[in-house]
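Understanding the architecture of this molecule
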Amino acid sequence: MKNISFRNDVLPLKNELFRLALRITLNKAEAEDVVQETMIKVWNRRDTWAEIESMEAFCLTVCRNLALDKAKRMDNNSQTLDAANDARADSSSAADPERQAVLADSVSLVRRLMDSLPEKQRSVMQLRDIEGKSYKDIAEVMNISQDQVKVTLFRARQAIRQKYIKTERYGL
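Residues numbered from 1 in each chain as written. Predicted model: local features only at pLDDT ≥ 70, side-chain atom pairs only at ≥ 80, totals over all residues. Heavy atoms only, no water.

This next bit is on the environment of leucine 68. Relative to the helices and strands, leucine 68 resides in helix 4 (residues 55-74). The class of leucine 68 is buried, set by a relative accessible area of 16%. The sequence separation of leucine 68 and valine 34 amounts to 34 residues, and the corresponding C-alpha distance is 9.6 Å. Not counting residues within four places of it along the chain, the set of residues in contact with leucine 68 comprises Ile24 and Glu119. (Helix = DSSP H or I, 4+ residues; strand = E, 2+ residues; numbered from the N terminus. Buried < 20%, exposed > 50% of the residue type's maximum accessible area, 1.4 Å probe, protein only. Contact = heavy atoms within 4.5 Å.)

Here is the structure:
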């Protein structure tokens, strides 16, 4: 029997859950609501925690499902992430202001392109490329096979690459 603590095993996941919810809902306030609902649902299932193989995968699955439900209800596919989050630039990799501006524009473009992907591709990219999850964990969270995760990730990256090149060639 596993000894799972809400404080030590579930609460530390809140930032990761927020990033996943934000990537799906594309709305900061909605993502915060999704994380709160996720925490409540996980807490209410505390009597079955011993049966859960991976608490992290369980929490991510609940969060994803709630975020999908909220996104469908709100029909907010046309919204994008906050502009403040788009313009993050690492000063150590960009020594001069011009380089920082180009880097910030590139990051912003990639984020907008990710936002334009279908939800399944967005979620897989978020979990793999941003959160660093394994294919196995993503497959469990998304309820698909590991091969499907790899194919979906490949297609998402390919779509981003093609759109990025097209945009860079012809401008915005």
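After presenting the structure, the write-up continues.
Membership of the largest hydrophobic core comes to 44 residues, with the highest contact counts inside it found for Leu17, Val42 and Met55. At the level of secondary structure, the elements contributing two or more residues to this core comprise helix 1 (6-10), helix 2 (14-25), helix 3 (28-44), helix 4, helix 6 (97-116), helix 7 (119-130), helix 8 (135-142) and helix 9 (146-170). By residue number, the principal contributor to this core is helix 4, which donates eleven residues. (Core = buried A, V, L, I, M, F, W, Y, C linked by side-chain atoms within 4.5 Å.)

Tallying each qualifying case throughout the model produces eight salt bridges. In this structure, the salt-bridge partner of glutamate 119 is arginine 64, at a minimum N-O distance of 3.3 Å. Linking glutamate 119 in helix 7 with arginine 64 in helix 4, this pair joins segments that are 55 residues apart in sequence. Among the ionic pairs, aspartate 129 bridges to arginine 157, the shortest N-O distance being 2.4 Å. Of this pair, aspartate 129 sits in helix 7 while arginine 157 sits in helix 9; the two residues are 28 residues apart in sequence, bridging distant segments of the chain. Judged by its relative accessible area of 37%, aspartate 129 falls in the partly exposed class. Several salt bridges converge on common partners, so that one network encompasses Glu16, Glu56 and Lys133. (Salt bridge = Lys/Arg side-chain N within 4 Å of Asp/Glu carboxyl O.)

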